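Tertiary structure, described
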Amino acid sequence: MMQNLPAGLAATATVAASSANLGPGFDSLGLALSLYDEIYVETTESGLRIDVAGEGAGQVPLDSSHLVVRAIQHGLRAAGMCAPGLVVRSRNAIPHSRGLGSSAAAVVGGLAVANGLVAQSDSKPLSDVELVQLSSEFEGHPDNASAAVLGGAVVSWTEGPATAPRYRAAGLTLHPDIHLFPGIPLVRSSTAETRAVLPDQVSHVDARFNLSRAALLVVALTERPDLLMAATEDRLHQPQRAAAMPASAEYLQTLRRCGVAAVLSGAGPAVIALSTEAELPAEVVEYGAAHGFTVNEMSVGQRVSWAAATPNGGESAPSAKESMS
């Protein structure tokens, strides 16, 4: 039997963007980035009120189908609880439909604020293992979700039968010499559409190639960043997606021709460069700007955080970072 949460509880969460695949690590490798969405939730007697500022404002649904709301309810159910009414406010900095894990951030952030509510009811909050599992269930693979939960770089995998998969992840410590330069375009893409262009079968030659590069990439990310160029080569998804996002494909090749290890971020169209240099070559900076890419250095994103907050009666929500200070 579900326990009803009382009205007047509030919580906040801060959750990072993420880049998945990183070239050869298709659906397995992920990396959190220092770009954050902030979420505030308050329990009420009844109803649902949603406010979205920043990315996605005026575009995402403001009803029970909203991804953050669905995740909050999913997290509460997992803890044996429910809320008769909610006020949900999101301040989004993560661009939508660019390959930067905005959907994963919405889900992980929703689960995290649910944790903040659960903790105030003297119940045990969801663990990292449970957060990875519950968030990955939304997309069917744990790369972006586990990076948002754990922060930093992650290796993720799936265990058990397809009908009841168990999602797992382990953190990696990114080498301190690696600088991250996401290139974010104005254009958007649909992950479902870019996944649809991938073949159902691949050759043993290509599978063997990607296995070697994915293994090498773990070494390059943690111990040998000098190996990043070879380690970020891919044959399973980036070449196949090139026709669907020609500007991203060309920018990716421009970076690599200039000696910078670069990959599609997730399913694109964002591109992310991983370099041991503090600055990118002027040629690729100029190319990016001329072709609609905003390129800024980011650091490694932190793990999702959540905390209780002071209820504000439906007024403008405090920043999650302000609430946790």
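Right above here is the structure, for reference.
**Points about the overall build of the protein chain**
Across its full length, the protein chain holds 11 helices and 13 strands. Here the C-alpha atoms of the protein chain give a radius of gyration of 20 Å, agreeing with the 20 Å that 2.2 N^0.38 yields for 325 residues. Its C-alpha atoms put the protein chain at 60 × 45 × 35 Å along the principal axes. Among the 325 residues that make up the protein chain, the fraction classed as buried is 51%.

**Some words on the environment of threonine 222**
Here threonine 222 is to be found in helix H6 (residues 204–222). Residues threonine 222 and histidine 175, 47 residues apart in the sequence, show an inter-C-alpha distance of 4.7 Å. Not counting residues within four places of it along the chain, the set of residues in contact with threonine 222 comprises Leu172, Thr173 and His175. Among the polar contacts listed, one links the side chain of threonine 222 to the backbone oxygen of valine 218, at a separation of 2.7 Å.

**Examining the nonpolar core**
Judged by nonpolar contacts, the single largest core of 60 residues is most densely connected at Leu33, Val41, Ile72, Val88, Leu180, Leu221 and Leu228. When residues in this core are grouped by element, the largest group, 10 residues, is from helix H2 (residues 102–119). Once you skip the residues sitting within four places of it in the chain, leucine 180 turns out to touch Leu31, Leu33, Leu174, Ile272, Ala273, Leu274, Asn296, Glu297, Met298, Ser299 and Val300. With 14 residues, the next largest nonpolar core counts Leu252, Leu264, Val271 and Leu280 among its residues.

**Comments concerning the environment of valine 87**
Take valine 87: it is sitting in strand S6 (residues 85–92). Here valine 87 falls in the buried class, since its relative accessible area comes to 7%. With 60 residues separating them along the chain, valine 87 and aspartate 27 place their C-alpha atoms 34 Å apart. Setting aside its immediate chain neighbours within four residues, valine 87 contacts Tyr40, Val41, Glu42, Thr44 and Arg49.

**A few points about the packing of aromatic side chains**
By the definition in use, this model includes two aromatic pairs. Centre to centre, the rings of tyrosine 251 and tyrosine 287 are 5.7 Å apart; their planes meet at 10°, and the pair counts as stacked. Placement of the pair is tyrosine 251 in helix H9 (residues 246–257) and tyrosine 287 in helix H10 (residues 282–290), with a sequence separation of 36 residues. For the ring pair tyrosine 251 and phenylalanine 293, a centre distance of 4.7 Å and an interplane angle of 35° mean the geometry is tilted.

**Topic: H6**
The end-to-end C-alpha separation of H6 is 28 Å, in line with the 27 Å expected for 19 residues at 1.5 Å each. Looking at H6, one finds that the buried residues are Phe209, Asn210, Arg213, Leu217, Ala220 and Leu221. Viewed end-on, H6 has its buried residues packed into an arc of 90°, placing them on one side of the element. Exposed residues lying more than 90 degrees from the buried face of H6 are His204, Arg208 and Leu211.

**Description of the sheet that holds strand S11 (residues 271–275)**
Taken together, the four strands give an open sheet; going across it, the order is S10-S11-S9-S12, and neighbouring strands pair in antiparallel fashion. The sheet terminates laterally at strand S10 (261–264) and strand S12 (293–295), the two strands that pair on one side only. Within the sheet, the average angular offset between the axes of one strand and its neighbour, ignoring direction, is 20°. Pairing geometry for strand S9 (residues 179–185) and S12, over three bridges, is antiparallel. From the neighbouring strand, isoleucine 184 faces S12, where its bridge partner is threonine 294.

**A look at unusual backbone geometry**
Cis geometry marks the peptide bond from glycine 268 to proline 269; its omega dihedral reads 5°. By the secondary structure assignment, proline 269 is in the loop between S10 and S11. If you check the backbone angles, asparagine 21 has positive phi at about 75° while not being a glycine. Checked against the element boundaries, asparagine 21 lands in the loop between strand S2 (10–20) and strand S3 (29–44). Residue asparagine 21 is classed as buried on the basis of its relative accessible area of 3%.

**A look at the pattern of salt bridges**
A full pass over the atoms with the stated rule returns eight salt bridges. Across the pair arginine 166 and glutamate 159 runs a salt bridge whose closest N-O atoms are separated by 3.7 Å. Among the ionic pairs, aspartate 206 bridges to arginine 235, the shortest N-O distance being 3.4 Å. Separated by 29 residues along the polypeptide, aspartate 206 in helix H6 and arginine 235 in the loop between helix H7 (228–231) and helix H8 (238–241) bring together distant segments of the chain. Assessed through its relative accessible area of 34%, arginine 235 is described here as partly exposed. Connected via shared salt-bridge partners are Glu159, Arg166 and Arg168.

Calculation criteria
Residues numbered from 1 in each chain as written. Predicted model: local features only at pLDDT ≥ 70, side-chain atom pairs only at ≥ 80, totals over all residues. Heavy atoms only, no water. Helix = DSSP H or I, 4+ residues; strand = E, 2+ residues; numbered from the N terminus. Rg over C-alpha atoms; globule rule 2.2 N^0.38 Å. Buried < 20%, exposed > 50% of the residue type's maximum accessible area, 1.4 Å probe, protein only. Contact = heavy atoms within 4.5 Å. Polar contact = N/O pair within 3.5 Å; in protein donor to acceptor, adjacent residues only side chain to side chain. Core = buried A, V, L, I, M, F, W, Y, C linked by side-chain atoms within 4.5 Å. Phe/Tyr/Trp six-rings, centres within 6.5 Å; stacked < 30°, edge-to-face > 60°. Expected span 1.5 Å × (residues − 1). Arc of directions from axis to C-beta. Pairing = 2+ DSSP bridges. Axes fitted to C-alpha atoms, helices over the stretch in contact; angles between N-to-C directions. Salt bridge = Lys/Arg side-chain N within 4 Å of Asp/Glu carboxyl O.

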